[in-house]
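Overview (structure and organization)
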Amino acid sequence: MLFSGKGKHRRPSKATRAIAVAGVASAAVAAPLMAAGSASAATASEWDTVAQCESGGNWSINTGNGYYGGLQFSASTWAAYGGTQYASTADRASKAQQIEIAEKVLAGQGKGAWPVCGTGLSNAAYGGSSANGSGSSQSTGSTETRETGQKASRSAERKTEQKAERKTEQKTVTTPTGEKVEKGDGEYKVVKGDTLSSIAAEHDVEGGWAELFELNDDIVDDADLIYPGQQLHLK
């Protein structure tokens, strides 16, 4: 789910993702169990309060920040927990559908999926609602609190999602042996004679070659092997 300023939803664990994509047959079995009042369910009014904190209560919001709908799902979380059966992103789904997926995230991740806005979620069962649009609950936190929470919690998930996005856009470069390796899309283009250490030193990369290696571990498999033409991220 989200990981808004309040803490956008973390990506589900491998086990959770496996359950989320296990197929229609397994979903038919799992859904009733969650809806039947599991220990991690919440009330409709509580979800309204979370939405008020996350998005100002706008269940159709898409500000272009990578998070969607009243409960601010990231696209990856929405898909992993079955939301795409309703719409490609949460802002295009109904309030009831968003809450249904939120219940699954709550069951899988707990209140921590909304570190700031989910603190008031209880274990009461959600009875269901077909209403669309903005919730009517008044915000329990100030605008300043929402903005601070959003800035604090998006960083980790953004970094992970950005790496995943890079992989889909990367092209390749040819090594001296004729092997093709990923080119990358960073701001620094490797030239002959470069090493991670020399690049880190020349560009004052905090953390040195190790940090540079971590920043580019999606295209560099061996810290001792980089190739001319590869484009590395320096931060």
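Relevant structure appears above.
So, here's what we can say about the structure.

Calculation notes
Residues numbered from 1 in each chain as written. Predicted model: local features only at pLDDT ≥ 70, side-chain atom pairs only at ≥ 80, totals over all residues. Heavy atoms only, no water. Helix = DSSP H or I, 4+ residues; strand = E, 2+ residues; numbered from the N terminus. Buried < 20%, exposed > 50% of the residue type's maximum accessible area, 1.4 Å probe, protein only. Phe/Tyr/Trp six-rings, centres within 6.5 Å; stacked < 30°, edge-to-face > 60°.

1. Description of unusual backbone geometry
- Within the chain, Q72 stands out as a residue other than glycine whose phi angle is a positive 55 degrees.
- Take Q72: it is sitting in the loop between strand 3 (67–68) and strand 4 (73–74).
- Overall, Q72 belongs to the buried group, its relative accessible area being 4%.
- One non-glycine residue, D204, adopts positive backbone phi at about 50 degrees.

2. Thoughts on the packing of aromatic side chains
- In the structure shown here, the tally under the stated rule is two aromatic pairs.
- A ring pair is formed by W47 and W114, whose centres lie 5.1 Å apart and whose planes are at 65 degrees; its orientation type is edge-to-face. A residue pair is termed long-range when its members are at least 10 positions apart, and W47 in helix 3 (residues 44–55) and W114 in the loop between helix 5 (95–109) and helix 6 (143–169) qualify at 67 residues. For the pair W47 and W114, a shared accessibility class is recorded, and that class is buried.
- Seen from their ring centres, F73 and W78 are 5.1 Å apart, and the 65 degrees between their planes marks the pair as edge-to-face.
- Given a relative accessible area of 0%, F73 falls into the buried group.
- Residue class for W78 comes out buried when judged on its relative accessible area of 0%.

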